[in-house]
Amino acid sequence: MSSALSGIKIAVVGGDDRELVLISELVRLGATISVVGFPRNMVKQGSYVVNTVEEACRGAEVLILPMPGTDVNGVVRAVYSSEQLELTERAIRQLAPNALVIIGVARPFLREWCRKYRLVLMEIAEMDEVAILNSIPTAEGALQIAIAETPITIHGSEVCVLGFGRVGHTLGRMLKNLGAHVTAVSRDPAELARAYEIGCRRAGFEELGSLVQSVDIIFNTVPAMVLDREMLEAANPDVLIIDLAAQPGGTDFEAASLLGIKAVLAPGLPGKVAPVTAGRILAEVIPQIILRELLRADQNTSCG
């Protein structure tokens, strides 16, 4: 498989240590890589470091953007870049026809550009093959925060996990293994069944108001306002809230501050606490996605 991507031109725009691991794998697989957002000495030999997003995109068959994507103005997260990187419509127009655009979560403007120029957009943050694997460093990072920010042990603590999807399930299992008393809070009967299967208590969100009165730690994974001011006013004043949902999270952080409740917004933990592992996940999954999409495009062309 060392030449599986031979001849494929790929643009990697921005990112962090995860993308460095990914770039190394793409080079190993034979792709032609244009990179912007990293100094030359950090990037694997065999890739080309360019100066602008437009230059990186020119003629690329695949564009890879960071998992966190862009802000509302199109600014790309690029932790090692001395200059701001901006994804523009002009840059998107530089891509090859029918190019594949890979990103964690796309903003509406990127979705519109991809429709306009008939590009294939792949948002991978919620794909099981990415999200389940990423739930491991996310859960470990959340535990790291909890241990650092509380004066008690995880063992014996009263913990709520709000939302029991991929991250919630992995986190709940780790907490149970450490001896915490875990209550899973969800509206989804299947998620609550999974919670029961690993020995967690179960509750619906209608019960959250009473649960927060005595809980020590709340981990939120729900990307909606579930810990509003009213809920926080009822909470144990010593509770620690660790919000793992995508920004802006599911907590009223202003109200928490006014009430003296410690609340930590902690999205994107894989790239922060375990960037090499998170990079290996991308290096495993993204080449498979590229090969799958290229095969599909070839089949469509043949059928046409």
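We now turn to the structure provided with this report. (Residues numbered from 1 in each chain as written. Predicted model: local features only at pLDDT ≥ 70, side-chain atom pairs only at ≥ 80, totals over all residues. Heavy atoms only, no water.)

Our next topic: helix α4 (residues 108-116). Buried within α4 are the following residues: Leu 110, Trp 113 and Cys 114. The buried residues of α4 all sit within an arc of 100° when viewed along its axis, so they share a single face. For α4, the exposed residues set more than 90 degrees away from the buried face come down to Pro 108 and Arg 115. One or two steps after α4, the chain reaches Arg 118, where phi turns positive at roughly 55°. (Buried < 20%, exposed > 50% of the residue type's maximum accessible area, 1.4 Å probe, protein only. Helix = DSSP H or I, 4+ residues; strand = E, 2+ residues; numbered from the N terminus. Arc of directions from axis to C-beta.)

Right, let's talk about the packing of aromatic side chains for a bit. Following the criterion strictly, the structure yields 2 aromatic pairs and no others. Pairing Phe 38 with Tyr 80 gives two aromatic rings, centres 6.0 Å apart and planes at 40°, and the pair type is tilted. Separated by 42 residues along the polypeptide, Phe 38 in the loop between β2 (32-36) and β3 (47-49) and Tyr 80 in the loop between β5 (75-76) and β6 (85-86) bring together distant segments of the chain. A cation sits over an aromatic face here: Arg 187 above Phe 205, 4.3 Å from the ring centre. (Phe/Tyr/Trp six-rings, centres within 6.5 Å; stacked < 30°, edge-to-face > 60°. Lys NZ or Arg CZ within 6 Å of the ring centre and 35° of its normal.)

So, about the sheet that holds β2. Taken in spatial order, the 6 strands line up as β3-β2-β1-β4-β7-β8 in an open sheet, and their pairing is parallel. Edge positions in the open sheet fall to β3 and β8 (120-123), since each of these has one partner strand only. Sheet twist, expressed as the average angle between the axes of neighbouring strands with direction ignored, equals 20°. Strands β7 (100-103) and β8 of the sheet are contacted by α4, whose axis makes an angle of about 150° with β8. (Pairing = 2+ DSSP bridges. Axes fitted to C-alpha atoms, helices over the stretch in contact; angles between N-to-C directions. Contact = heavy atoms within 4.5 Å.)

On to the environment of Ala 256, then. Mapped onto the fold, Ala 256 is located in helix α10 (residues 253-258). Overall, the relative accessible area of 1% leaves Ala 256 in the buried class. Through-space distance from the C-alpha of Ala 256 to that of Leu 282 is 35 Å; in sequence the pair is 26 residues apart. Excluding its chain neighbours within four sequence positions, the residues that come into contact with Ala 256 are Leu 232, Ile 261 and Ala 263.

The subject of this paragraph is the side chain of Glu 19. Here Glu 19 is to be found in helix α1 (residues 17-28). When residues no more than four places from it in sequence are discounted, the contact partners of Glu 19 are Val 12, Gly 14, Phe 38, Pro 66, Met 67 and Leu 282.

A few words on the sheet that holds strand β14 (residues 262-265). Pairing is parallel across the open sheet formed by 6 strands, whose spatial order is β11-β10-β9-β12-β13-β14. Single-partner strands in this sheet number two, and they are β11 (201-203) and β14. For this sheet, the mean angle separating the axes of adjacent strands, direction not counted, is 20°. Where strand β13 (residues 240-243) lies against β14, 4 bridges are found, and the strand directions are parallel. Bridge pairing links Asp 243 to Leu 265 in β14. Across the face of the sheet, helix α5 (residues 128-149) comes into contact with β12 (217-220), β13 and β14 while running at roughly 155° to β13. Helix α6 (residues 166-177) rests against β9 (158-162), β10 (181-185) and β12 of the sheet, and its axis sits at about 170° to β9.

With that out of the way, let us pick up the nonpolar core. In terms of nonpolar packing, the biggest core is built from 31 residues, with Ile 10, Leu 26, Ile 33, Ile 64, Ile 102, Ile 124 and Ile 290 touching the most fellow members. Of all the elements in the fold, those that place two or more residues in this core are β1 (9-13), α1, β2, β4 (62-64), β7 and α12 (275-303). Beyond its immediate chain neighbours, meaning those up to four positions away, Leu 26 contacts Leu 5, Ile 10, Val 12, Ala 31, Ile 33, Ile 64, Pro 287 and Ile 290. (Core = buried A, V, L, I, M, F, W, Y, C linked by side-chain atoms within 4.5 Å.)

When you line up the elements, Ser 82 lands in the loop between β5 and β6. What makes Ser 82 exposed here is its relative accessible area of 76%. Distance in space between the C-alpha atoms of Ser 82 and Pro 39 is 9.0 Å, their sequence separation being 43 residues.

For the coordinates displayed, the defined rule picks out 13 salt bridges. For Arg 292, the salt bridge is made with Glu 129, and the minimal N-O distance between the two is 3.9 Å. You can see Arg 292 sitting in helix α12 and its partner Glu 129 sitting in helix α5, a full 163 residues away along the chain. Of the residues examined, Arg 292 reaches a relative accessible area of 33% and is grouped as partly exposed. Residue Glu 129 is classed as partly exposed on the basis of its relative accessible area of 31%. The closest approach of N and O atoms between Glu 149 and Lys 262, which form a salt bridge, is 3.1 Å. Placement of the pair is Glu 149 in helix α5 and Lys 262 in strand β14, with a sequence separation of 113 residues. Overall, the relative accessible area of 39% leaves Lys 262 in the partly exposed class. (Salt bridge = Lys/Arg side-chain N within 4 Å of Asp/Glu carboxyl O.)

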